[in-house]
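The lines below spell out each chain.
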Amino acid sequence: MLHTLYETALREGIRVYDEFFVTKLVVSGGRCTGLIALDIKEGELHSMQARSVVIATGGYGRVFARSTNAVINNGDGAALAYRVGVPLEDMEFIQFHPTTLYGTNILMSEGVRGEGGHLVNSEGERFMARYAAKAMELAPRDIVARSIQTEIDEGRGVDGGPYVNLDITHLGADRIKERLPGIREICIHFAGLDPIDAPIPVQPGQHYSMGGVACDVDGATEVAGLYSAGEAACVSVHGANRLGGNSLLETLVFGRRAGVAAAAHAETAPEPREAELEGNLREEVARINEVLSRDSPIRAGVLKEEMRGLMFDHFGVFRDGNTMREGLDKMRDLRARMAEAGVDYHGRVYNQALVGYLEVDFMFELAEIIAISSIAREESRGSHSRTDFPDRDDDNWLVHTMAYMGSDGPRLEYVPPTLGVFEVKERVY
Amino acid sequence: MRLRIQRFEPLREESPRYQAFDVSDVPGQTVLGALFEIQDTQDGSLAFRYSCRGAVCGSCAMLINKVPRLACRTQVKDVLGAVPQKLKTFGPIDGEVEGWDPETEVLVEPLPNFPITRDLVVDMTRFWNALEEVEPWLVPESEAPEGRERLMEHEDVLTLERFVGCILCGLCSGSCPVAHEDQEFLGPAALAKARRFQQDPRDVRRDGIIEMLNTEEGLRACDLVYNCVKVCPRNVAPGGAIRKMKEDAERLPRLDNSGV
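What counts and how
Numbering of residues starts from 1 in each chain and follows the order in which that chain's sequence is written. Labels follow written order: the first chain is A, the first ligand is 1, and so on. Given that this is a predicted model, residues contribute local features only at a pLDDT of at least 70 and side-chain atom pairs are listed and counted only at 80 or more, while totals for whole chains, interfaces and linings are drawn from all residues. Side-chain calculation: all heavy atoms of the structure are included, whereas hydrogens and water are not. Like charges within 9 Å and nonpolar side chains (Val, Leu, Ile, Met, Phe, Trp, Tyr) within 5 Å are joined into patches, using only residues over 30% in relative accessible area that form no salt bridge. In short, Shrake-Rupley with a 1.4 Å probe defines the accessible areas, and a residue's cover is counted only from the protein chains shown. One speaks of a salt bridge when a side-chain nitrogen belonging to Lys or Arg is within 4 Å of a carboxyl oxygen belonging to Asp or Glu. Charge counting treats Lys and Arg as positive and Asp and Glu as negative, with His and both chain ends excluded. All charge positions are set by atom: Lys at NZ, Arg at CZ, Asp at CG, Glu at CD. A run of H or I in DSSP becomes a helix once it reaches four residues, and a run of E becomes a strand once it reaches two; helices and strands are each numbered from the N terminus. Only protein chains enter the accessibility calculation, which uses a 1.4 Å probe; a residue is then buried when its area is under 20% of its type maximum, exposed when over 50%, and partly exposed in between. In what follows, residue pairs with any heavy atoms lying within 4.5 Å of each other are defined as contacts. By convention, the term buried area covers the 1.4 Å-probe accessible surface removed from two parts as they join, with the contributions of both added. Polar contacts, as counted here, are pairs of nitrogen or oxygen atoms within 3.5 Å of one another; within protein the pair requires one atom able to donate a hydrogen and one able to accept it, and residues that are adjacent in sequence qualify only if both atoms are side-chain atoms. Note on residue categories: nonpolar means Ala, Val, Leu, Ile, Met, Phe, Trp, Tyr, Cys or Pro, charged means Asp, Glu, Lys or Arg, and polar means any other residue, Gly included. Paired strands are those between which DSSP finds at least two bridges.

1. A short note on a negative patch on the surface
Part 1: On the surface, Glu132(B), Glu133(B), Glu184(B) and Glu217(B) cluster together into a patch of negative charge.
Part 2: On the secondary structure map, Glu133(B) appears in helix H3 (residues 125-133).

Here you go:
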């Protein structure tokens, strides 16, 4: 799909600005008029006028340690929209997948358990018997994820590590080669083990961002000319938890609608004035030059890894108020250190120290919103599983969270969901 | 574990140099994981391309122990120790590197046959231009029926699948002795991509694609060395596609305008 899209763009002669990193959106008089972007290859900032801008930057999974997402899924696009006043919706709803490969966290799909894989703890026990005696390993995703996390939290991770084993050795070489060739290949190249001979170390990991840039069914945000599509967006087709395969709904159906609407808007919107962009460009040049000039032993990359770890530990598979509030405090301390962090390369060409710093700055923005939205929602719903509020509470919490940028952190508002097509009821297994 | 990495900043330096870094010996450590560890904790000036870390995006193509590979799907422990070179050698993948001990160090260099932007990042403009030159898009006979796809027979899908799997990583171009000598050569990836459309029953061009490619920069440049087949991480086997298209070109009526 990706390649067909790329080939079609080539055919249409669409110009792609490869390796340009957007640092700021420009909004003037309530409408988006363009953006400022860093050309990573040359190291120069550019302003670009635009009648329509579509944010399609994917999810923000990398805010968490242990994510199946690509390394670039830092949520830059959502943070950009937030900083120009667009609310981010339902940011507390983060999907965790039960089985990701220990180390790189590449997805070990449901198929491995579907073929008969066993989940085994440090004591050699098929522990799912204690959580879902009938369904065992085939219990729903969130139940399996919570079960594995409980085993790890209670000290029954294999070799004392933060993982359990997914064992398919009993299936035999022929069946593994025939039914799970892709999984076997991933294990060999990315973990250095052959699942024919050895169990696969797995742990729950962040998998999908249900929340994102608040937009309507045409991808339109509260700012005229600014649209969003795909995992970056929150049309709210997933509610509090995404069903398998439904990311295609977000890309194919609503991505197309956003594109059509953005193109139609560009036809009628007035030409942006270059002068507005120039002022923003000068400000961004000054901001980036200041970051580039810093010499500091504090590395953004190190702060990033600490932040990702604490997001997983404090806002992960299980959540509770005390743990989350403690996590928010720690995260804010880390974020404060970003002001002192520097970049240890000052050249212009392909400066990933600079790009990394800007990414981590965006990630902290999102981490705080996720934290505050999660603490506020005092119930359990979908992927948001609170041990201190284990029940779903439709009387008080059948609402979408809207996080707006306030003067000292996110300000939350709540809006009712669109209901009527399906009857609202709790999913029980 | 130790990596010996080629560093080079063309704007400031005359020639590349090599720098050794020690990384932690964690189970399943990949070369890309080791590069991230260096960039995040030891030296933020190190530059390398990445995106997915799962052999899907094709961004992290580089020369690892003198073999073009994806850094993300290369285990450090698998490439420690001297391994015989299976590729036909040429300039950058031949020769010694001073100070490199293959028994204890993994040598990491930029992908050959492209100009170096900085460190392990190369300028792939030539690669993308070649791809565009083969017009890699569907040219159907007529408009698709309203609201419907153009369906293919299952066996046709299987024929195309090999080529559709290409992730445009450029390992094939980086391993190709012809691409090393001839800057104009379209290269294995673009030619394999052209084969994907030439074999597509929905595309009207058929022999037209062969005619378009049967030039000194296209099919005729390839010496069928097959390094591309050996290094491809997705079993696209561009060399096989090129050989078949060369045969197709032989069967076409000659338009002899070479003048010799």
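Next comes the rest of the account.
2. Re the pattern of salt bridges
Residues and elements named next belong to chain A.
Part 1: If you walk through the whole model with that rule in mind, you get 57 salt bridges over all chains.
Part 2: Two residues, Glu368 and Arg335, come together in a salt bridge whose shortest N-O distance is 2.7 Å. Of this pair, Glu368 sits in helix H12 (residues 352-376) while Arg335 is found in helix H11 (residues 321-338), placing the two residues 33 residues apart along the sequence.
Part 3: For Glu368, a relative accessible area of 8% corresponds to the buried category.

3. A few points about the interface of chain B and chain A
A common way to report how large an interface is uses the accessible area buried once the components associate.
Part 1: Counting residues at the interface gives 42 residues for chain B and 36 residues for chain A.
Part 2: Both faces combined, the contact of chain B with chain A buries some 3,100 Å², and carbon together with sulfur accounts for 51% of it.
Part 3: Contact with chain A buries area across many residues of chain B, yet Asp40(B), Arg53(B) and Arg73(B) alone supply 22% of it, more than any other trio.
Part 4: In this assembly, chain B and chain A are joined by 4 salt bridges.
Part 5: Among the ionic pairs, Glu185(A) bridges to Arg73(B), the shortest N-O distance being 3.2 Å.
Part 6: At the junction of chain B and chain A, the tally comes to 22 residue pairs in polar contact (both at pLDDT 80 or more).
Part 7: It is helix H1 (residues 31-41) of chain B that provides the largest number of residues to the side of chain B that touches chain A, a total of 4 residues.
Part 8: When grouped by side-chain class, the residues that make up the side of chain B that touches chain A number 19 nonpolar, 12 polar and 11 charged.

4. What to know about the pairing of strand S8 (residues 164-167) of chain A
The two faces of the sheet receive side chains in turn, since in a regular strand these alternate between them.
All names here are of chain A.
Part 1: Where strand S7 (residues 118-120) lies against S8, 3 bridges are found, and the strand directions are antiparallel. Of the residues in S8, the one forming a bridge with His118 is Asp167.
Part 2: Bridge count for S8 against strand S9 (residues 200-209) is 3 bridges, and the pairing is antiparallel. Each bridged residue has a counterpart across the sheet, and for Val164 the counterpart in S9 is Val202.

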